[in-house]
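Observations on chain architecture
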Amino acid sequence: MDFSKLYRPSALNSFQFIALTGLLMSGGAHLILHFFVGRTPTGFNWLYVCWTALYVLGTLRNLFGKANEGHHHHH
């Protein structure tokens, strides 16, 4: 099993990449809201749960999915 598919940017699939981007952007927004606004909206922390779930699902697909899955180009 190739565990570099968990962290190497070139090995990530689109679900993992979107989830990591979402985690980073949510973290940045959280810091801005906390330090400059003084509060975060109710339920904001659920974003982290959603991004993490998307990352886990993407990881499962990346590790156990078929190598050619999703590449159906017809000419």
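This report concerns the structure included in the present document. (Residues numbered from 1 in each chain as written. Predicted model: local features only at pLDDT ≥ 70, side-chain atom pairs only at ≥ 80, totals over all residues. Heavy atoms only, no water.)

1. Considering the packing of aromatic side chains
- If you walk through the whole model with that rule in mind, you get one aromatic pair.
- On the basis of an interplanar angle of 75° and a centroid distance of 6.2 Å, the ring pair of Phe-44 and Tyr-48 is categorised as edge-to-face.
- Residue Tyr-48 is classed as partly exposed on the basis of its relative accessible area of 22%. (Phe/Tyr/Trp six-rings, centres within 6.5 Å; stacked < 30°, edge-to-face > 60°. Buried < 20%, exposed > 50% of the residue type's maximum accessible area, 1.4 Å probe, protein only.)

2. Comments concerning the environment of Leu-33
- Here Leu-33 is to be found in helix α1 (residues 14–37).
- Judged by relative accessible area, Leu-33 falls into the partly exposed class, the value being 22%.
- Beyond its immediate stretch of four places on either side in the chain, Leu-33 contacts Gly-38, Arg-39, Thr-40, Pro-41 and Phe-44. (Helix = DSSP H or I, 4+ residues; strand = E, 2+ residues; numbered from the N terminus. Contact = heavy atoms within 4.5 Å.)

3. Some points on the side chain of Ser-26
- By the secondary structure assignment, Ser-26 is in helix α1.
- Only 2.9 Å separates the side chain of Ser-26 from the side chain of Trp-51, close enough to count as a polar contact.
- With sequence-adjacent residues up to four places away left out, Ser-26 is seen in contact with Phe-44, Leu-47, Tyr-48 and Trp-51. (Polar contact = N/O pair within 3.5 Å; in protein donor to acceptor, adjacent residues only side chain to side chain.)

4. Side note on the packing of α1 against helix α2 (residues 46–64)
- It is at 8 Å that the axes of α1 and α2 come closest, and there the two elements cross at 160°. One finds that α1 runs roughly antiparallel with respect to α2. The handedness of the crossing between α1 and α2 comes out as left-handed. Facing α1, whose interface residues are Phe-15, Gln-16, Ile-18, Ala-19, Leu-20, Gly-22, Leu-23, Ser-26, Gly-27 and His-30, α2 presents Leu-47, Tyr-48, Trp-51, Thr-52, Leu-54, Tyr-55, Gly-58, Thr-59, Arg-61 and Asn-62.
- Split into classes, the residues belonging to the contact of α1 with α2 amount to ten nonpolar, nine polar and one charged. (Axes fitted to C-alpha atoms, helices over the stretch in contact; angles between N-to-C directions. Parallel < 35°, antiparallel > 145°, perpendicular 65-115°, else oblique. Left-handed = near helix turned anticlockwise from the far one by under 90°. Nonpolar A, V, L, I, M, F, W, Y, C, P; charged D, E, K, R; others polar.)

5. So, the environment of Ala-11
- With respect to the helices and strands, the residue Ala-11 is situated in the segment before α1.
- Relative accessible area serves as the criterion here: at 15%, Ala-11 is assigned to the buried category.
- Considering only alpha carbons, one finds Ala-11 and Asn-62, 51 residues apart in sequence, at a separation of 8.6 Å.
- In this structure Ala-11 touches Ser-4, Lys-5, Gln-16 and Asn-62, once residues within four positions along its chain are discounted.

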